[in-house]
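# Report on the structure
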Amino acid sequence: DAGVIQSPRHEVTEMGQEVTLRCKPISGHDYLFWYRQTMMRGLELLIYFNNNVPIDDSGMPEDRFSAKMPNASFSTLKIQPSEPRDSAVYFCASSSRTGFTDTQYFGPGTRLTVL
Amino acid sequence: EDQVTQSPEALRLQEGESSSLNCSYTVSGLRGLFWYRQDPGKGPEFLFTLYSAGEEKEKERLKATLTKKESFLHITAPKPEDSATYLCAVQARSDYKLSFGAGTTVTVRA
C-alpha cells in the first residue's frame, strides 16, 4: 500500500500567484480530507469529501481557496491568488468507514511558502 | 464546538523516565478519540483509537486510556526514538471530521 501521496512536497511562490496542491488517496478510501498546519493554529480541517462530493467546506478560509475531487483517486486544493499568510504545511488524509472504524491516514504534506 | 486541550506543551524526559500526556476534550457525543504521532517534516502517523470510557490500548511503550472527559497517553521507559509530537483528536458522532489539539512535543534524551 503506497499510502496517501501528495505533490509537490515543497512549493515556493510569490504573492499573487496561483498554487495547486495535489493528493492521491489510499485506494478504496471514500473520504478525503484537506488540513492546514501552522504553528499558530495547529492542525485545522479545511474541507472534506465523501465519494468525491464536498461535504463540509466550513474551514476554507476564504474564496481564494477551492478544492475539487474529479474522481476517487485524485483531489486538488487551489489557492488563487496566494498571500504570505497562506504559508503553511497542507496535509491530505483519507479514510474508509469499515464497520465502526474510520481512521484517517495522512500524507507527507506539502510545505507552501508564499513570498 | 468540539474542543481539545493537550498538556503539557512540551516534555523533556531522560531515557527510561516514564511519564504521561493529557488530552482534555469536550464534544457533543464522542464517536472516537484518536492519538497520532508526528515527526518533524512528516505527516501525522496513526497510533490509537479509543471509543468508550474505560477503554485502554497499548503499542510497545505507549498506552492510551480514556475517561468521559480526558485521555492519557502513558509512555513507559521511553527511548530517544519516542521523541516526537503527539497529537490528540476527537470525532463527534454527528460528523466525520477530526478536531485536533495543539500537541505535546516529547524529547527523550539518551
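Read on for a plain summary of the structure.

Rules of the game
Residues numbered from 1 in each chain as written. Chains lettered and ligands numbered in written order. Predicted model: local features only at pLDDT ≥ 70, side-chain atom pairs only at ≥ 80, totals over all residues. Heavy atoms only, no water. Core = buried A, V, L, I, M, F, W, Y, C linked by side-chain atoms within 4.5 Å. Buried < 20%, exposed > 50% of the residue type's maximum accessible area, 1.4 Å probe, protein only. Helix = DSSP H or I, 4+ residues; strand = E, 2+ residues; numbered from the N terminus. Contact = heavy atoms within 4.5 Å. Phe/Tyr/Trp six-rings, centres within 6.5 Å; stacked < 30°, edge-to-face > 60°.

## Regarding the nonpolar core
The nonpolar side chains of a soluble globular protein tend to be buried, and buried together. If you look at the biggest cluster of nonpolar residues, it comprises 23 residues, and the most contacted ones within it are B:Leu21, B:Leu33, B:Trp35, B:Leu73, B:Tyr86 and B:Val106. Among the elements of the structure, strand 2 (10–14), strand 3 (19–26), strand 4 (30–38), strand 5 (45–50), strand 7 (62–66), strand 8 (70–75), strand 9 (84–92) and strand 11 (104–109) of chain B are those that each provide at least two residues to this core. Per element, the largest residue contribution to this core is four residues, and it comes from strand 9 of chain B. Discounting residues that sit within four places of it in the chain, B:Tyr86 has contacts with B:Gln6, B:Leu21, B:Trp35, B:Tyr36, B:Arg37, B:Leu47, B:Leu62, B:Leu73, B:Ile75, B:Gly103, B:Thr104 and B:Val106. A:Cys23, A:Ile47, A:Ala67 and A:Leu77 belong to the second largest nonpolar core, which has 21 residues in total.

## Re the packing of aromatic side chains
Evaluation of the coordinates by the stated rule reveals 13 aromatic pairs over all chains. Measuring from centroid to centroid gives 6.0 Å for A:Phe106 and B:Phe100, while their planes differ by 80 degrees, and the two rings are edge-to-face. Separated into two different chains, A:Phe106 in strand 10 (residues 105–106) and B:Phe100 in strand 10 (residues 99–100) make up a pair that spans both. Residue A:Phe106 shares its accessibility class with B:Phe100, and that shared class is buried. In textbook terms, an aromatic cluster arises when at least three aromatic residues are bridged by ring pairs, as seen for A:Tyr31, A:Phe33, A:Tyr35, A:Tyr48, A:Phe91, A:Tyr105, A:Phe106, B:Tyr36, B:Phe46, B:Tyr96 and B:Phe100.

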